[in-house]
Amino acid sequence: MDIINKVESLCPECLRKIEGVKYVEDGKVFIKKECDDHGSFTALISNDVDHYRKMEECFDVDRKRVKAPLTDVDKGCPFDCGICPSHKQDTCLAVVEVTDRCDLDCTYCFANSSMDKSLDPDMETIRKMFETVKKCQNDPTCIQISGGEPTLRDDLPEIIKMGREMGIDHIELNTNGRRIAKDQEYFDKIASAGIDSIYLGFDGVSDDVYMQRTGKKLFDVKSEVINRCEKADIGVVLVPLVAKNYNLHETGKIIKFASNKVPTVRGVHFQPVFYSGRSPSMLEGKITIVELLEAIEDQTNGQLKVENFTPSLMPTAHCGTTCLTLVNNGEFIPLTNTSLGAAKSAFDVASKTKNSIMGRWKGSEKEKEDDDSSCCGEIIAKGSCCEKQIDVTSLDTSCSNSEGGWADFIEMSKDNYLTISMMAFQDVWSYERERVENCCIHVVTENGKFIPFCNYNLTNCKGEYLYRNTG
Amino acid sequence: MDINMTEEVQNLLKDEGFKKEEIQEIIEKAESNGKKLKHKSEDTFIAKDDSENLTTYAVYTISGEGINLNNVYSHKMHIDGLTGGELHEVENDDQSEWICQKCNETALERNVDMSYMGVTRAGPAIVCPKCQEFYVSDGVAKTLKTAESILEEKRA
């Protein structure tokens, strides 16, 4: 047993702070921790210690703290959330939950949604939540409207409009898509209120998958949402929950499907299952990042390899990985590779992630072109004959089989990016204080607090929350 | 041999990170071994240097006062060879403006395959039909540079 380091974690039974060690055994990484009252617990963190270490080598970010902490340090992390002054990371995305209600009764749901309408925050409360974002998050401000299922609220367009008027820079909507797919008028209102992108729950490309989690056939619904977003020029990110014995076998097909819908679909963001909230009690569905990457490599026939995924510019090297790829005539041209080392960037993590959320994941037309793309736009616009590939019609047949040249490559690249990413949320089993202290995804509560996402949704093994629904 | 250049070209060298000495070396080498392109009607030349990861080009004229450097550019892409593999004659070849000084042959504009970071695409180059030396124009080099940046993921 080769010890990597000590970790501060929590007891899965009583949520008390306990110590543990992260160690290597048979090439795998585990966390083992012990509670005086409830015994010892072991959790698998990575199936491949080499990959685990590689992620650390490739991770290099500058950090910036939140604009204004909102609580004091008292009992120590994770019991002072709000954000407290010891939190090390600014917000890159603030999650604003506008309802607990949901029209799907999923077997798995970390939010443990219910159907009590009277619990929905009113407009004044939501206004205060937006104000919290403006107060705490450095500009530009990015929020995700989430739930529950936000589209159960008829006043969602007004909520979005209010956010816009209050100067929120980027607003994305987390949805299962059912109402958007059947209610065009409602979708039009959301679109004109100023939504930037849709974060669409998308667990697979076959109804078998949806039947298993929701008891409903939803694939056509998801496709219709994408069609409607295409017409409205609103970017879509597909968000599959991934678990073994569920949809792991469809990851390659999901990516393929997404690549055919570029540029409307800007990304696929996998969420490996984590055991908080309402979840099947067995842990067998759990999947580590490297297992998911291996499945993707296998199911894309090696077009997207494990090494094409570099650590996301997220809290820590182990919170997520990202691959940026071009899609050219159905072929993937991945632009990221761990062999290229850490992403070279002077930006701090939140700014960079925000740019990514706001730029790449938005609708194509609205994308703000940066220096590089405007520069290549210029080159194409000038269109001097020497820059374009020579017109093959004037040449002999030996040249006529050549596809697009480099100029076409640049033209293609402007609109054919796909970001494939995954985020490993923590549950009480895998919990490490270091990761949550650096968390950049924060949930805004109705009483004006900012709580790191994993802490907000954290439950003990009986499904009792540390923060959610606790006021 | 001394190299004259305008302030504009001096700034270009600085911006692109070239040293005057290395450009001088490229030109001197081309002048001594004749491996360069010469414009058909003007005293303008293109010399180049292929190092492992970078091809650098110097465009210059020769006058009574010596060598005047007009332009410098480079690309990281590797030129693999002619697209389609063989060079055949084409109707408009007599319009070519460049001569390979070493072979005294009219150099021709042809598509060549160029590779960078595992991606290969075609692009136009000026090719001597005899020694099959490839030269890339300033305009094409700009396009290649943009493509290189995209592949290096500089957008984010």
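Presented here is a report on the structure given in the accompanying data block. (Residues numbered from 1 in each chain as written. Chains lettered and ligands numbered in written order. Predicted model: local features only at pLDDT ≥ 70, side-chain atom pairs only at ≥ 80, totals over all residues. Heavy atoms only, no water.)

## Quick word on the overall build of chain B
Inclusion rule: For the purposes of this entry, the term helix denotes a DSSP run of H or I that reaches at least four residues, the term strand denotes a run of E that reaches at least two, and both are numbered from the N terminus. Contact definition: two residues touch when any of their heavy atoms are within 4.5 Å. Per-residue and other accessible areas were derived by the Shrake-Rupley procedure at a 1.4 Å probe size, with only the shown protein chains allowed to occlude residues.
Summing up its helical and strand segments, chain B has 3 helices and 10 strands in all. Helices and strands in chain B line up, N terminus first, as β-α-α-β-β-β-β-β-β-β-β-β-α. For chain B, the share of sequence-separated contacts (at least 6 apart) that also reach a separation of at least 24 residues comes to 51%. On chain B, roughly 7,800 Å² of surface is accessible, and the fraction owed to carbon and sulfur atoms is 42%.

## Looking at the overall build of chain A
Rule in force here: Any residue under 20% of the maximum accessible area for its type is buried, any over 50% is exposed, and the rest in between are partly exposed; the area is computed with a 1.4 Å probe on protein chains only.
Across its full length, chain A carries 14 helices and 17 strands. Within chain A, buried positions represent 60% of all 471 residues. Across chain A, contacts joining residues at least 24 apart in sequence account for 72% of those joining residues at least 6 apart. Surface summary for chain A: the accessible area is close to 18,800 Å², and the carbon and sulfur share equals 47%.

## Focus: the packing of aromatic side chains
Residue and element names in this part refer to chain A. Just so we agree on the cut-off: Any two of the Phe, Tyr and Trp rings considered here, Trp counted by its six-membered ring, make a pair once their centres fall within 6.5 Å; the pair's planes then place it as stacked at under 30 degrees, edge-to-face at over 60, or tilted in between.
Summed over all chains, the structure comprises 11 aromatic pairs over all chains. Taken together, a centroid distance of 5.2 Å and an interplanar angle of 50° make the contact between Phe-274 and Phe-425 tilted. Residue Phe-274 is found in the loop between β11 (265-272) and α9 (289-299), and its partner Phe-425 is found in the loop between β15 (417-423) and α13 (433-437); the two are separated by 151 residues along the sequence. Residues Phe-274 and Phe-425 agree in their burial class; the two are buried. Ring geometry for Phe-425 against Phe-453: centres 4.4 Å apart, planes inclined by 35°, an arrangement best described as tilted. In this pair, Phe-425 sits in the loop between β15 and α13 while Phe-453 sits in helix α14 (residues 453-457), placing the two residues 28 residues apart along the sequence.

## Observations regarding helix α5 (residues 184-193) of chain A
All names here are of chain A. Here is the rule we go by: Directions drawn from the helix axis to the C-beta atoms are what define this arc.
Of all the residues in α5, the buried ones are Tyr-186, Phe-187, Ile-190 and Ala-193. Looking down the long axis of α5, one finds its buried residues gathered within 125° of arc, a one-sided arrangement. When the buried face of α5 is taken as reference, the exposed residues oriented beyond 90 degrees from it are Glu-185 and Ser-192. Turning to α5, the residues buried within the fold contact α3 (156-165), β7 (170-175), α4 (178-182) and α7 (219-232).

## Observations regarding the state of the cysteines
Test applied: Pairs of cysteine sulfur atoms within 2.5 Å are identified as disulfides in what follows.
Counted under the stated rule, the structure contains 0 disulfides over all chains. Cysteine Cys-77 of chain A remains unbridged, with the sulfur of Cys-81 of chain A as its closest cysteine sulfur at 6.1 Å. Overall, the relative accessible area of 16% leaves Cys-77 of chain A in the buried class. Of all cysteine sulfurs, the one in Cys-128 of chain B lies closest to Cys-131 of chain B, which takes part in no disulfide; the gap is 3.6 Å. Take Cys-131 of chain B: its relative accessible area is 27%, and that puts it in the partly exposed class.

## Some points on the sheet that holds strand β1 (residues 2-10) of chain A
The strands that make up a sheet are held in pairs by hydrogen bonds between backbone atoms, and each pair lies either parallel or antiparallel. Residues and elements named next belong to chain A. The following threshold applies: Here, any two strands with at least 2 DSSP bridges between them count as paired. All axes here are fitted lines through C-alpha atoms, helices being fitted over the stretch that makes contact, and every angle between N-to-C directions spans 0 to 180 degrees.
The sheet built from 4 strands is open, its strands ordered β1-β2-β3-β4 with antiparallel pairing. Strands at the two margins of the open sheet, each flanked by one partner only, are β1 and β4 (39-46). Within this sheet the neighbouring strands show an average axis-to-axis angle of 25°, counted without direction. Across 8 bridges, the pairing between β1 and strand β2 (residues 17-25) is antiparallel.

## Description of the nonpolar core
All names here are of chain A. This is how the line gets drawn: Nonpolar cores were defined as sets of buried Ala, Val, Leu, Ile, Met, Phe, Trp, Tyr and Cys residues, with membership established by side-chain atoms within 4.5 Å.
Counting residues in each nonpolar core, the largest one holds 71 residues, and the members touching the most others are Phe-130, Ile-143, Ile-145, Phe-202, Leu-238 and Phe-270. Sequence-distant contacts of Leu-238, that is, excluding residues within four places in its chain, are made with Leu-200, Phe-202, Ile-226, Phe-257, Ala-258, Val-265, Gly-267, Val-268 and His-269. Val-95, Cys-109, Met-423 and Val-443 belong to the second largest nonpolar core, which has 41 residues in total.

## Observations concerning the pairing of strand β9 (residues 235-239) of chain A
Residue and element names in this part refer to chain A. With respect to burial, β9 is a largely interior element, 5 of its 5 residues being buried. Here β9 shows a buried face lined by Gly-235, Val-237 and Val-239 and a second buried face lined by Val-236 and Leu-238. Where strand β8 (residues 197-201) meets β9, 5 bridges bridge the pair, whose relative direction is parallel. Paired with Ser-197 across the two strands is Gly-235, which belongs to β9. Summarising the sheet, β9 and β11 pair through 3 bridges and their orientation is parallel. Counted as the bridge partner of Leu-238 is Val-268 from β11.

## A look at the side chain of Thr-325 of chain A
Residue and element names in this part refer to chain A. Inspection of the secondary structure assignment puts Thr-325 in strand β13 (residues 320-328). A residue is classified by how much of its surface remains accessible, and Thr-325, at 0% relative accessible area, is buried. Those residues in contact with Thr-325, other than ones at most four positions away along the chain, are Leu-304, Phe-332, Ile-333, Pro-334, Leu-335, Asn-416, Tyr-417, Leu-418 and Ile-420.

## Overview of the packing of helix α12 (residues 406-413) of chain A against helix α3 (residues 138-151) of chain B
Note the cut-off: Convention used here: angles under 35 degrees read as roughly parallel, angles over 145 as roughly antiparallel, angles from 65 to 115 as roughly perpendicular, and any remaining angle as oblique. Left-handed describes a crossing in which the near helix is turned anticlockwise from the far one by less than a right angle; the clockwise case is right-handed. Any residue that is not Ala, Val, Leu, Ile, Met, Phe, Trp, Tyr, Cys, Pro, Asp, Glu, Lys or Arg is counted as polar, Gly included; the first ten are nonpolar and the last four charged.
Where α12 of chain A meets α3 of chain B, the axes come as close as 9 Å, and the angle between the chain directions of the two elements is 45°. One finds that α12 of chain A runs oblique with respect to α3 of chain B. For the element pair α12 of chain A and α3 of chain B, the recorded crossing hand is left-handed. Of the residues in α3 of chain B, those in contact with Trp-406, Ala-407, Phe-409, Ile-410 and Ser-413 of chain A of α12 of chain A are Thr-143, Leu-144, Thr-146, Ala-147, Ile-150 and Leu-151 of chain B. When the residues that make up the contact of α12 of chain A with α3 of chain B are grouped by side-chain class, the tally is 8 nonpolar, 3 polar and no charged.

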